[in-house]
Amino acid sequence: MNDWRPFLYGGVASMVAESGTFPIDTTKTRLQIQGQIIDQSLTELKYRGMSHAFFRIFKEEGLQSLYSGIAPALLRQASYGTIKIGVYHTLKRALVPDPEDETLSINVLCGVIAGIVSSAAANPTDLLKVRMQVKGREGCGEDMFNAFINIYKQEGLRGLWRGVVPTAQRAATVAGVELPAYDLCKKVIVQSGYLGDTKPTHFLASFLAGLAGAIASTPIDVIKTRMMNQKVLRPQLVMNGGSAAVGKAVYTSSVDCLVQTVRTEGVMALYKGFVPTWVRLGPWNIIFFMTYEQLKKIH
């Protein structure tokens, strides 16, 4: 019950996985925000797909831009990953002491709760990561601490938790799908007798978990990214020379963002960035779960 290892191993494995897949995440973020109703003067999409976006960012802005936001991303994983995995395994053992008695419904419930708690706590770091990824090269030299302060000064405390609802929804979906999916796939493969509790089993189970997570979470991820990317200045800043257009929210809620996105861009806009999401979640989960499994062997 009081085992601290899932918390530590979850945080370390999350940071390792994030470091290895971050350029793909940056590509996904850029794809998701294009078409967003912020600049009406933009009439055509800048990126035509994942590979085009990746190489265009690299060519025009440099390798550094693909890693813009890596500092808050690692800070996010240090908090989000630590809490998520720790809460998930702690809750499972509290509800079902014997691992053999685990059920899919219990694991899904634990995953959903772990996703909500961890994402809500780590939302400011996730928001800053998105903002820096959108800025690209301009955000590479930005001091992370000062960036937090600037967001607070311009948008208030609420600004740091902008997009927390879709973020929590996405995290609940991802954790509620990926973690139980991995446990289920691993259990089925081990019980089949073909591979046993080995690295190939961990690889296959984590790949399938990543696919399931991408399918379930991409629409929510698009809404979350767009909500986080809009900036709403404090009223007094707008009155004191700020832009009235900037002071007005593009989306009033995650539901409004969903409706506007579908109305102006079609249903498939909710799956913008699906390929890089899947390409990222596949390797991310493989790196994460295989790292986690190896860390578990440390006593």
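Think of each chain on its own: its residues are numbered from 1, step by step along the sequence as written. Given that the model is predicted, a residue must reach a pLDDT of at least 70 before its local features are reported, and side-chain atom pairs must reach 80 or more before they are shown or counted; all residues, however, enter totals for whole chains, interfaces and linings. Side-chain measures here rest on the full set of heavy atoms in the structure, leaving out hydrogens and waters.

**With respect to the nonpolar core**
Next, step 1: Put simply, a nonpolar core is a bunch of buried Ala, Val, Leu, Ile, Met, Phe, Trp, Tyr and Cys residues held in one set by side-chain atoms that sit within 4.5 Å of each other. Partly exposed residues are those whose accessible area sits between 20% and 50% of the maximum for their type, while under 20% is buried and over 50% is exposed, using a 1.4 Å probe and protein chains only. Counting residues in each nonpolar core, the largest one holds 19 residues, and the members touching the most others are Ile-85, Tyr-88, Leu-179, Tyr-182, Phe-288, Phe-289 and Tyr-292.
Next, step 2: Mapped onto this core, the elements with two or more residues apiece are α1 (5–33), α4 (70–95), α5 (104–135), α7 (164–192), α8 (199–229) and α12 (274–296).
Next, step 3: Numbered from the N terminus, helices here are DSSP runs of H or I no shorter than four residues, and strands are runs of E no shorter than two. Tallying contributions element by element places α12 first for this core, with five residues.
Next, step 4: In terms of nonpolar packing, the next biggest core, distinct from the first, is built from nine residues, Leu-128, Met-132, Ala-147 and Met-228 among them.

**Structural notes on the side chain of Ser-217**
Next, step 1: Within the secondary structure, Ser-217 sits in helix α8.
Next, step 2: Judged by its relative accessible area of 0%, Ser-217 falls in the buried class.
Next, step 3: Each residue touching Ser-217, except ones within four places of it in the same chain, is listed here: Arg-170, Thr-173, Val-174 and Leu-281. Note on definitions: a residue-residue contact is assigned when non-hydrogen atoms from the two residues lie within 4.5 Å.

**Some points on helix α11 (residues 254–265)**
Next, step 1: Multiplying 1.5 Å by the residue count of a helix minus one yields the expected span of that helix. The terminal C-alpha atoms of α11 lie 16 Å apart, and with 12 residues this matches the ideal 16 Å at 1.5 Å per residue to within 8%.
Next, step 2: Taken together, the buried positions of α11 are occupied by Ser-254, Cys-257, Gln-260 and Thr-261. Taken around the axis of α11, the buried residues stretch over an arc of 125°, which confines them to a single face. Exposed and facing more than 90 degrees away from the buried side of α11 are Val-255 and Arg-263.
Next, step 3: Just downstream of α11 lies Gly-266, where phi reads positive at about 95°. Throughout, the arc means the angular range of directions from the helix axis out to the C-beta atoms.

**Some words on α7**
Next, step 1: Here α7 contains 29 residues, and its C-alpha end-to-end distance of 41 Å stays within 8% of the 42 Å for a straight helix at 1.5 Å per residue.
Next, step 2: Following α7 by one or two positions, Gly-193 has its phi on the positive side, about 85°.

**Here we look at the environment of Tyr-182**
Next, step 1: Relative to the helices and strands, Tyr-182 is located in helix α7.
Next, step 2: Residues Tyr-182 and Gly-210, spaced 28 residues apart in sequence, show a C-alpha to C-alpha distance of 8.6 Å.
Next, step 3: Pairs of N or O atoms within 3.5 Å make up the polar contacts considered here, provided that, within protein, one atom can donate a hydrogen while the other can accept it, and that residues adjacent in sequence are counted only when both atoms are side-chain atoms. Among the polar contacts made by the side chain of Tyr-182, one reaches the side chain of Glu-293 at a distance of 2.8 Å.

**Things to note about the packing of α7 against α12**
Next, step 1: One way to put it is that α7 packs onto α12 with a least axis distance of 12 Å and a crossing angle of 65°. With respect to the hand of their crossing, α7 and α12 are arranged in right-handed fashion. Together, Glu-178, Leu-179, Tyr-182 and Lys-186 of α7 and Leu-281, Asn-285, Phe-289, Glu-293 and Lys-296 of α12 make up the contact between the two elements.
Next, step 2: Residue polarity is assigned by list, with Asp, Glu, Lys and Arg as charged and Ala, Val, Leu, Ile, Met, Phe, Trp, Tyr, Cys and Pro as nonpolar; anything else, Gly included, falls into the polar class. Residues that form the contact of α7 with α12 fall into these classes: four nonpolar, one polar and four charged. The axes are straight lines fitted to the C-alpha atoms, using for helices just the contacting stretch, and the angles between their N-to-C directions are given from 0 to 180°. Left-handed describes a crossing whose near helix is turned anticlockwise from the far helix by less than a right angle; the clockwise case is right-handed.

**What about the packing of α4 against α5?**
Next, step 1: Contact pair α4 / α5: the axes reach a minimum separation of 8 Å and the direction vectors enclose 170°. The angle between α4 and α5 places the two elements in the roughly antiparallel class.
Next, step 2: Residue classes in the contact of α4 with α5 are distributed as 18 nonpolar, seven polar and five charged. Under this scheme an angle from 65 to 115 degrees is roughly perpendicular, one under 35 degrees roughly parallel, and one over 145 degrees roughly antiparallel; angles in between are oblique.

**So, the pattern of salt bridges**
Opposite charge on two side chains makes pairing possible when the charged atoms of those side chains draw close.
Next, step 1: Each salt bridge in this description consists of a side-chain nitrogen of Lys or Arg and a carboxyl oxygen of Asp or Glu lying within 4 Å of one another. As enumerated under the stated definition, the model contains 17 salt bridges in all.
Next, step 2: The residue Glu-61 makes a salt bridge to Arg-30 at a minimum N-O spacing of 2.9 Å. In this pair, Glu-61 is assigned in helix α2 (residues 50–61) and Arg-30 in helix α1, connecting sequence segments 31 residues apart.
Next, step 3: Using a relative accessible area of 5% as the deciding quantity, one classes Arg-30 as buried.
Next, step 4: Of the charged contacts, one joins Lys-186 and Glu-293 as a salt bridge, the two residues approaching to 2.9 Å between their closest N and O atoms. A residue pair is termed long-range when its members are at least 10 positions apart, and Lys-186 in helix α7 and Glu-293 in helix α12 qualify at 107 residues. Taken as a pair, Lys-186 and Glu-293 share a single burial class, namely buried.

Geometric descriptors of this kind do not, in isolation, establish any biological role.
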